[in-house]
Amino acid sequence: MARPKYDFANIETKWQKKWEESKAFAAIDGDKSRPKYYVLEMFPYPSGRIHMGHVRNYAIGDVLARYRKMRGANVLHPMGWDAFGLPAENAAIKHGTHPAKWTYENIAYMRNQLKRLGLSYDWNRELATCDPDYYRHEQRFFIEMLERGLAYRKKTTVNWCESCQTVLANEQVEDGCCWRCGEEVVLKEMDGWFFRITAYAEELLQDIEKLRGKWPEKVLAMQINWIGKSEGAEIDFPIEGLDEKITVFTTRPDTLYGVTFMSLSPEHPLAKKLAEKDPELFSKFEEFLKETRRERRQIEEGTFEKKGLFLNAYAIHPLTGEKIPIFAANFVLMEYGTGAVMAVPAHDQRDFEFAQKYGLPIKVVIQPEGEELSPENMKEAYEGPGIMVNSGPFSGLPNEEGKKKITAYLEENGLGRGKVTYRLRDWGVSRQRYWGCPIPIIYCEHCGIVPEKIENLPVKLPLDAELDEHGRSPLPKLESFVKTTCPKCGREARRETDTFDTFVESSWYFARFACPHSEEPLDKEKVSYWLPVDQYIGGIEHAILHLLYARFFTKVLRDLGYLDFDEPFERLLTQGMVIKETYRCPKHGWLYPEEVSEDGRCLRDGCGEKVTIGRFEKMSKSKLNVVDPNAMIERYGADTVRLFMLFAAPPERDLEWSDAGIEGAHRFLQRVFRLVTENLEELKKVKAYAGKQDDLPKTLRDLRHKTHQTIAKVTEDIEKRYQFNTAIAAIMELVNTCYDTLGKDASQEALFWPVMREAVEAILLLLSPVAPHICEELWEALGKDGLIANAPWPEADKEALKAEEVTIAIQVNGKLRDQIQVPAGTSQEEIKEVALSRPKVKRHVEGKEIRKVIFVPNKLINFVIK
């Protein structure tokens, strides 16, 4: 008789259709009869295709969603699309289409891919951020933030690409040029819209404590650093010959007497003003400024040479009256602090290196205990604690005390003030791009800046705009969009043509999933029921901006009356990347994995050259070390792909792609399929065993013990540790035990098939969150009513968990002398008594002193004798 075939393609299509038709994963708003569980993966940008990183992310979320549903929770597991943004514009220009068409086609394709993976989403809640029904609410939030002073417009200096006619983020400037077109980037002062995230800096910092133990410590540390709270003093240094002063912020006022030069950002207005006094100096300054901008990324990363330009000007020390040379320095960034630094080379390594390079004085003002520093013998700056020296009336003070006393003195004499600062800067949300949410502002010559009326929202992005081939936004030239009337006076006015940063859309989408069809921005009753998100899942690359902005937006919406909680995500899991080795041909460059033969030669165009196999790296299109999820699903099925992605590594670790690994995952599912189908006739005749453990013969007791041990192990691994790989390994062991038991010819036992059925049902229930399609199919084959997705999670039987007897090794001075069988859990004293009565042990210990007893529960006892 032919073996039943594991026809994964038909099985998976069948069950995906049944889940959809029965709305198996629809969440029920406000159900108080059971606990709620909201699990969310960071929603994707609709780039056109899902990649293996997506598959891993969504598979993790799906296991948790399915597991919680089986544990009796009302689960919300939604999916949507982060659909606005520059990549859509660039792709549309490249392919000669419209961003809307490109985006919605990609959404349709990727939606089908996700459904093909069998993910348990409530598709009725699907949303796309480019839908006016979504972004009209965002526009309302902006208007309400404007009324509260949390949104504002100001002039700011930005990176500007003249060719693309847009602002660039610092990371989009490469060697001083636009990352997209290669044109030189200039600094430009222009108006822009900002969110006042700094108003929440302290709360964002303090509330990190609420996330301890629930978010990765690495993420929390990154956010703390980004917020960058510093306590110190703001100090004013007058400029010689000018009615101007340089204001610096320092955390080390105790080193004030050690200042020997001043460092200004080349972008500081005073730097330009000082350089303008001398045409020759100004020419050098302009070149220095350009060079600094070109090296911006290296400066931020710390991989640059420190350079300065003396500005032929001096500051006056506020306490000593000394003249201090002023430099423009490439390591001082305008957006950090005040854009000016008091340089203390003896006690700051960066200043020390700069002073050595330019032959500037070094003055010691903090002496470490037990040492005597002098500028001549210093090889590096001393940044630690000590006693203040060369500091006028403050000499002799411990430096921590000196910080407070100098700050107090500065305040008393109007020379400075104590201050707390934050590295965090307000969030610039204006983008000079087309494919984004329009900012709902109108400019009227009579009324000034006027927000659109709430009842007129949404301000729709016009879809009839034709994109400029150079990437410039068409909105400023689109008269039908720009020309409007003032909401206040009714006269002719013009619309804002900037659109929002796409991080705005992703800062509140998780709340909209609770009520995606509501006419109001947020239905407070539904939001209060579902949120905060119980488990959020995504890459650590979003640790700062997205997660920080989402935390900020949550606090704003709370203060606007929409939410009644402080933090959006209760728990956070940051999954590792999917990585694969690279392949490079000396003739053809990077190769796809399928273009390399088994013996490591290039198959492209019959090349035959030996291929260099590189290290494991993140899968990327540029290096071609990608594996197409569609191809894997076609070849092995969605269940196999899911199983491999969850089994190959713990979720927080990088996952090394392995062709052998996915083959192994497929073989395991085939074994599960055969275990049920080849024994189906016998299994269907009986019900799962529900009797006492002691009523079974040993072979069946062992199988049942393994069954319940596996239930306990898998439950704990998913519930407490999210260790899906070890959970799957435990299920694999139980499958092996079932096959071993079948091979012992114990099937004549009257209770054999009920015990086997109990084990098989446990396997299917435990495996179903990981490989749901095959488990649904086999559950149905066993004659079970309803979906396995709706079945209750199995509970471990405490009696079955108890091991019956264990073998205890008896050692004397580490050498095995005997063995005994005892009930599991027998105490040390009981085992010691039995062991010492054994003849083989007696003759080695009689008449000798037992100096020590080493006991390993359920394993061994060792007598150390003299």
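Residues numbered from 1 in each chain as written. Predicted model: local features only at pLDDT ≥ 70, side-chain atom pairs only at ≥ 80, totals over all residues. Heavy atoms only, no water.

- Where an unreviewed UniProt entry is consulted, the chain appears under the name Leucine--tRNA ligase, with the organism given as Thermodesulfatator indicus.
- As its UniProt record puts it under Subcellular location (unreviewed entry), the chain is described as follows: "Cytoplasm". (UniProt positions renumbered as here; feature names shortened; annotations may be inferred.)

1. Concerning the nonpolar core
Alright, step 1. Judged by nonpolar contacts, the single largest core of 182 residues is most densely connected at Met52, Phe195, Phe510, Leu522, Phe552, Phe553 and Leu767.
Alright, step 2. Examining the composition of this core, we find that 12 residues originate from one element, helix H23 (residues 752-767), more than from any other.
Alright, step 3. The contact partners of Leu522, leaving out residues within four places of it in the chain, are Phe141, Trp508, Ala511, Arg512, Cys515, Val527, Leu557, Tyr562 and Leu563.
Alright, step 4. Counting residues in each nonpolar core, the second largest holds 55 residues, with Val248, Leu311, Phe352 and Ile406 among its members. (Core = buried A, V, L, I, M, F, W, Y, C linked by side-chain atoms within 4.5 Å. Buried < 20%, exposed > 50% of the residue type's maximum accessible area, 1.4 Å probe, protein only. Helix = DSSP H or I, 4+ residues; strand = E, 2+ residues; numbered from the N terminus. Contact = heavy atoms within 4.5 Å.)

2. What about the sheet that holds strand S19 (residues 427-428)?
Alright, step 1. Overall, antiparallel pairing links the four strands, which are arranged S6-S5-S9-S19 in an open sheet. The sheet terminates laterally at strand S6 (166-168) and S19, the two strands that pair on one side only.
Alright, step 2. Bridge count between strand S9 (residues 186-195) and S19: two bridges; the pairing is antiparallel. Across the sheet, residue Phe194 finds its bridge partner in S19, namely Gly428.
Alright, step 3. Across the sheet, helix H5 (residues 132-147) is in contact with strand S5 (151-161) and S9; its angle to S9 comes to roughly 90°. (Pairing = 2+ DSSP bridges. Axes fitted to C-alpha atoms, helices over the stretch in contact; angles between N-to-C directions.)

3. Re the environment of Phe647
Alright, step 1. With respect to the helices, strands and loops of the structure, Phe647 is situated in helix H18 (residues 638-647).
Alright, step 2. Using a relative accessible area of 32% as the deciding quantity, one classes Phe647 as partly exposed.
Alright, step 3. Considered as a pair, Phe647 and Gly661 are 14 residues apart in the sequence and their alpha carbons are 9.0 Å apart.
Alright, step 4. When residues no more than four places from it in sequence are discounted, the contact partners of Phe647 are Asn725, Ile728, Ala729 and Met732.

4. With respect to the sheet that holds strand S35 (residues 860-865)
Alright, step 1. Taken in spatial order, the four strands line up as S33-S32-S35-S34 in an open sheet, and their pairing is mixed. At either margin of the open sheet sits one strand with a lone partner, and together these are strand S33 (815-823) and strand S34 (850-856). Within the sheet, the average angular offset between the axes of one strand and its neighbour, ignoring direction, is 20°.
Alright, step 2. In the sheet, strand S32 (residues 805-812) pairs with S35 via four bridges, with the strands oriented parallel. If you follow Gln811 over to S35, its bridge partner there is Asn862.
Alright, step 3. Contacts between helix H26 (residues 828-836) and the sheet are confined to S32, S33, S34 and S35, with S35 contributing the most and set at about 65° to the helix.

5. Overview of the pattern of salt bridges
Alright, step 1. Within this structure, the stated rule accounts for 67 salt bridges.
Alright, step 2. The salt bridge partner of Glu570 is Lys214, with a shortest N-O separation of 2.7 Å. Here Glu570, found in strand S27 (residues 569-575), pairs with Lys214, found in the loop between helix H6 (201-206) and helix H7 (217-227); they are 356 residues apart in sequence, far enough to count as distant.
Alright, step 3. We classify Lys214 as partly exposed; its relative accessible area is 25%. (Salt bridge = Lys/Arg side-chain N within 4 Å of Asp/Glu carboxyl O.)

6. A short note on the side chain of Asp501
Alright, step 1. Within the element layout of this structure, Asp501 appears in the loop between strand S25 (499-500) and helix H14 (509-512).
Alright, step 2. Its relative accessible area of 7% is what places Asp501 among the buried residues.
Alright, step 3. Once residues lying within four places of it in the same chain are set aside, the contact partners of Asp501 are Trp427, Gly428, Val429 and Arg431.

7. A word on the environment of Gln139
Alright, step 1. Positionally, Gln139 belongs in helix H5.
Alright, step 2. The spatial distance from the C-alpha of Gln139 to the C-alpha of Ser395 is 58 Å, given a sequence separation of 256 residues.
Alright, step 3. The residues touching Gln139, leaving out its near neighbours within four places in the chain, are Cys437, Pro438, Pro440, Leu457, Pro458 and Val459.
Alright, step 4. Of note is the side chain of Gln139, whose polar atom sits 3.0 Å from the backbone oxygen of Pro438.
Alright, step 5. One polar contact links the side chain of Gln139 to the main-chain amide nitrogen of Val459, over a distance of 2.9 Å. (Polar contact = N/O pair within 3.5 Å; in protein donor to acceptor, adjacent residues only side chain to side chain.)

8. Quick notes on the packing of aromatic side chains
Alright, step 1. Scanning all chains against the criterion turns up 45 aromatic pairs.
Alright, step 2. Summarising the aromatic geometry, the rings of Phe84 and Tyr135 are spaced 5.7 Å apart at their centres and angled 40° between planes, so their arrangement reads as tilted. Placement of Phe84 in the loop between strand S3 (80-81) and helix H3 (86-95) and of Tyr135 in helix H5 is noted, with a sequence separation of 51 residues between them. In this pair, the class of Phe84 matches that of Tyr135, namely buried.
Alright, step 3. An angle of 90° between the planes, with centres 5.0 Å apart, marks the rings of Phe141 and Trp508 as edge-to-face. (Phe/Tyr/Trp six-rings, centres within 6.5 Å; stacked < 30°, edge-to-face > 60°.)

9. Considering unusual backbone geometry
Alright, step 1. The omega torsion of the bond from Leu457 to Pro458 falls at 5°, within 30 degrees of zero and hence cis.
Alright, step 2. Structurally, Pro458 is set in the loop between strand S22 (448-451) and helix H13 (479-482).
Alright, step 3. You will see that Asn390, though not glycine, has its phi angle at about 50°, which is positive.
Alright, step 4. Locating Asn390 in the fold gives a position in the loop between strand S17 (387-388) and helix H12 (399-412).
Alright, step 5. Positive phi values are uncommon outside glycine, yet Asn858 reaches one of about 65°.
Alright, step 6. Along the polypeptide, Asn858 turns up in the loop between S34 and S35.
Alright, step 7. Overall, Asn858 belongs to the partly exposed group, its relative accessible area being 33%.

10. Structural notes on the UniProt feature "domain: Aminoacyl-tRNA synthetase class Ia" (unreviewed entry) in the chain
Alright, step 1. Under the present numbering, the feature "domain: Aminoacyl-tRNA synthetase class Ia" (unreviewed entry) in UniProt falls on residues 424-581 and 617-658.
Alright, step 2. The distance separating the terminal C-alpha atoms of residues 424-581 is 38 Å; by composition the span is 19% helix and 25% strand.
Alright, step 3. Strand forms 10% of residues 617-658 and helix 43%; the C-alpha atoms that close the span are 13 Å apart.

11. Things to note about the domain arrangement of the chain
Much of the literature gives interface size as the accessible area that the parts lose upon coming together.
Alright, step 1. According to the domain assignment, the chain consists of domain 1 (8-140 + 506-575), domain 2 (141-196 + 427-502), domain 3 (229-422), domain 4 (578-618), domain 5 (659-790) and domain 6 (805-865).
Alright, step 2. Here the C-alpha centre of domain 4 lies 53 Å away from the C-alpha centre of domain 3. (Domains from an automatic or database assignment.)

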